[in-house]
Amino acid sequence: MRRLRLMAAAVLLSACAPSTPESTRTSSPPATGPSSISTQKGLPSADLQILDRSGRTILEAKVEIAENPQSRRIGLMEVAELPQNAGMAFLWETHHRGAFHMLNTLIPLDIAFWDGDMRIVAVLQMQPCETEPPCPTYGPEQDYVGAVELNQGTLDEAGVKPGDKVKLRR
């Protein structure tokens, strides 16, 4: 058991090497770097892929998963910088309809929402809220079960659009 733990630690440490930028229309490596993307402690992480309609991977990202009300409420608040191709995935067990706000969020973000078939239904750009509430809200006009927030421009540069497929591997 101890040997297994040491091997797992070695794998995790090797994932902390810096990534190199790739062409925007090709698959890029998942982000590496700090073990914590957000200000929240202990969130699970996953590798997220977005595939275009032909099945070609157009984006890979390392994400922390917000899957309970508290972690979804906090999201990426107070995060001053995200590594390239890193972000947060928000997951619900059932279909959800609601909007995101950017209060206390310091950086502009992209957000993509997906449905129960893991198909992207909307891609939006969100700006930090510089005023007191109410802040603008961002959401699709339909139900969704997941969303991912990444640095603004990431989804557009990769060519992500509705109909693309999301794969999430924990």
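In the block above lies the structure referred to throughout.
Residues numbered from 1 in each chain as written. Predicted model: local features only at pLDDT ≥ 70, side-chain atom pairs only at ≥ 80, totals over all residues. Heavy atoms only, no water.

Caption draft 1: Quick look at the state of the cysteines. A full pass over the atoms with the stated rule returns 1 disulfide. For Cys129, the disulfide goes to Cys135, at an S-S distance of 1.9 Å. On the sign convention where negative means left-handed, the S-S torsion of about -85 degrees between Cys129 and Cys135 marks this disulfide as left-handed. (Disulfide = S-S within 2.5 Å.)

Caption draft 2: Inspection of the pairing of strand 3 (residues 86-96) at higher detail. As paired strands, strand 2 (residues 57-66) and strand 3 are joined by 5 bridges and run parallel to one another. Looking at strand 3, one finds that Ile65 is bridged to Ala89. (Pairing = 2+ DSSP bridges. Helix = DSSP H or I, 4+ residues; strand = E, 2+ residues; numbered from the N terminus.)

Caption draft 3: Structural context of the pattern of salt bridges. Under the counting rule described, the total for this entry stands at 5 salt bridges. In this structure, the salt-bridge partner of Asp47 is Lys62, at a minimum N-O distance of 3.3 Å. With Asp47 in strand 1 (residues 45-51) and Lys62 in strand 2, this residue pair connects regions lying 15 residues apart in the sequence. Taking the relative accessible area as the measure of exposure, Lys62 reaches 26% and is therefore partly exposed. In this structure, Asp47 and Arg169 form a salt bridge, with 3.1 Å as the shortest nitrogen-oxygen distance. Placement of Asp47 in strand 1 and of Arg169 in strand 9 (residues 165-169) is noted, with a sequence separation of 122 residues between them. One salt-bridge network, held together by shared partners, links Asp47, Lys62 and Arg169. (Salt bridge = Lys/Arg side-chain N within 4 Å of Asp/Glu carboxyl O. Buried < 20%, exposed > 50% of the residue type's maximum accessible area, 1.4 Å probe, protein only.)

Caption draft 4: Molecular detail of the nonpolar core. Leu76, Leu82, Phe90, Phe100, Leu109, Phe113 and Met126 are the most contacted members of the largest nonpolar core, which has 24 residues in total. If you list the elements that add at least two residues to this core, you get strand 3, strand 5 (109-114), strand 6 (120-126) and strand 8 (144-151). Tallying contributions element by element places strand 3 first for this core, with 4 residues. The residues contacting Phe113, other than those within four sequence positions of it, are Phe100, Arg119, Ile120, Val121, Ala122, Leu124, Tyr138, Gly139, Pro140, Tyr144, Gly146 and Ala147. Membership of the second largest hydrophobic core comes to 20 residues, among which are Ala89, Ile120, Val145 and Leu150. (Core = buried A, V, L, I, M, F, W, Y, C linked by side-chain atoms within 4.5 Å. Contact = heavy atoms within 4.5 Å.)

Caption draft 5: Structural view of the sheet that holds strand 9. Ordered by their spatial adjacency, 7 strands build an open sheet running 6-5-8-3-2-1-9, and the pairing between neighbours is mixed. Edge positions in the sheet fall to strand 6 and strand 9, since each has one partner strand and no second. If you compare each strand with its neighbour and ignore which way they point, the axes differ by 30 degrees on average. Relative to strand 6, strand 5 is paired through 6 bridges, and the arrangement is antiparallel. The residue bridging Phe113 from the neighbouring strand is Ala122, located in strand 6. (Axes fitted to C-alpha atoms, helices over the stretch in contact; angles between N-to-C directions.)

Caption draft 6: Looking closely at the packing of aromatic side chains. Here the structure, examined in full by the defined rule, presents 5 aromatic pairs. An angle of 80 degrees between the planes, with centres 6.3 Å apart, marks the rings of Trp92 and Phe100 as edge-to-face. Exposure class is identical for Trp92 and Phe100. Each is buried. Aromatic rings pair up to connect Phe90, Trp92, Phe100, Phe113 and Tyr144 into one cluster. (Phe/Tyr/Trp six-rings, centres within 6.5 Å; stacked < 30°, edge-to-face > 60°.)

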